[in-house]
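Report on the structure
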Amino acid sequence: MKRFILPFVFLAGLVTLLAAGLGLNPREVPSPLIGKPVPEFTLPTLADPEFRVSDRDLKGQPYLFNVWASWCPTCYQEHPLLMQLAERGVNIVGLNIEDERADAIAVLEKGGDPYRVVLVDYDGRSRIDWGVIATPETFLVDANGVIQYKHTGAITWQDWAEVIAPKYQQLLTGAPRG
Amino acid sequence: MRRVVKALLFLFLIASPAWAIDSFQLPEDPQLLARYQALSEEFRCLVCQNQNLADSNAELAKDLKIELVELLQAGKNDEQIREFLVARYGDFVLYRPPVNSATAFLWLAPLIAVSVLGLVVLMLWRRGRQTETATANDEQVAAALADLKKQKNS
């Protein structure tokens, strides 16, 4: 009987390791940008292609930087939550990528517009600087323009309540610093 | 029936593997092109994850390949290009991750596995030898017993 103990412990260890691996989301790659200033950008807005917004314009208060596209089903899933957050006064900036202007505007006209401003990056240049893999992704940026947190995939109410809201609150009470 | 099989086999023969077609301007300089090809095989397409940039048709992979061409044409060396991508996407973008505290286990795991295996083999081998000596002892004891029996009977 004793001789089975070692192989059993080994097997149990292996199973635990593999089970933990199965539970991980391979899309949740840790972002190397956390703790760093947002990448520099000057991008046209969705509402007015002639009007450009830069990273410096957004400084002064914390914001959620939400990357989305009109063809992205997970973004639709997330949309009602963003609407409610906007109603509660959460500052959300959108980045619309890999999209058509008309399609993106249609989505916001139909489902409501939770964004303070939507920037467009249709040549994919800025999204590479942000290290965006797939929509939706949301960054939490503080008042000084430093990235504090990154969420991959749709934000659920649980994510908001347990993780993002406390961080956002902390940034609000701490802001403006320096 | 044979005809069908033949036709099918022929189809397999003429079916060429599908390559990702790059719809953008590749560098014309053969040296840059060679470096472009080598680098695009070295980076992971983060959307499809198990393909490299060269093999992938995903929008992100396309954008990254365009970026790659521009970095090459701007005269950046391979190391600078790797740094550019790692700064944005992390070590995960590299198919050959660097050795650091986060990847130490990854690099050491094969060594650990081989050592454990070696240890197990060594233990089994030693146990095998012990059994052999045990058997030898058993035989000697049996012979001695037989001798005793003989003496008793005689």
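Residues numbered from 1 in each chain as written. Chains lettered and ligands numbered in written order. Predicted model: local features only at pLDDT ≥ 70, side-chain atom pairs only at ≥ 80, totals over all residues. Heavy atoms only, no water.

Pairing is possible between side chains that carry opposite charge, provided their charged atoms lie close to one another. All told, the structure shown has 10 salt bridges over all chains when counted by the stated rule. One salt bridge in this structure joins glutamate 98 of chain A and arginine 127 of chain A, with 2.7 Å as the shortest N-O distance. Note that glutamate 98 of chain A is positioned in the loop between strand 4 (92-97) and helix 3 (101-111) and arginine 127 of chain A in helix 4 (residues 125-129), a separation of 29 residues in sequence. With a closest N to O distance of 3.1 Å, arginine 127 of chain A and aspartate 63 of chain B form a salt bridge. Taken together, the residues span two chains, with arginine 127 of chain A in helix 4 and aspartate 63 of chain B in helix 3 (residues 59-73). The exposure classification of arginine 127 of chain A matches that of aspartate 63 of chain B, with both residues buried. Three or more residues are tied together by salt bridges with common partners; here these are Glu98 and Arg127 of chain A together with Asp63 of chain B. (Salt bridge = Lys/Arg side-chain N within 4 Å of Asp/Glu carboxyl O. Helix = DSSP H or I, 4+ residues; strand = E, 2+ residues; numbered from the N terminus. Buried < 20%, exposed > 50% of the residue type's maximum accessible area, 1.4 Å probe, protein only.)

The partner chain A presents 15 residues to the 17 residues of chain B that form the contact. Linking chain B with chain A are 4 salt bridges. A salt bridge links aspartate 129 of chain A to arginine 88 of chain B; the shortest N-O distance between them is 2.9 Å. The interface formed by chain B and chain A contains 4 residue pairs in polar contact (both at pLDDT 80 or more). (Contact = heavy atoms within 4.5 Å. Polar contact = N/O pair within 3.5 Å; in protein donor to acceptor, adjacent residues only side chain to side chain.)

In this section: the packing of aromatic side chains. Both the distance between ring centres and the angle between the ring planes are used here to describe each pair of aromatic rings. Residue and element names in this part refer to chain A. Applying the stated criterion across every chain, the model contains 8 aromatic pairs over all chains. Pairing phenylalanine 41 with phenylalanine 65 gives two aromatic rings, centres 6.2 Å apart and planes at 40°, and the pair type is tilted. With phenylalanine 41 in the loop between helix 1 (5-23) and strand 1 (42-44) and phenylalanine 65 in strand 3 (residues 63-68), this pair connects stretches of sequence that are 24 residues apart. For the pair phenylalanine 41 and phenylalanine 65, one class covers both residues: buried. When the centroid spacing of 6.2 Å and the interplanar angle of 45° are considered together, the rings of phenylalanine 41 and tryptophan 130 count as tilted. (Phe/Tyr/Trp six-rings, centres within 6.5 Å; stacked < 30°, edge-to-face > 60°.)

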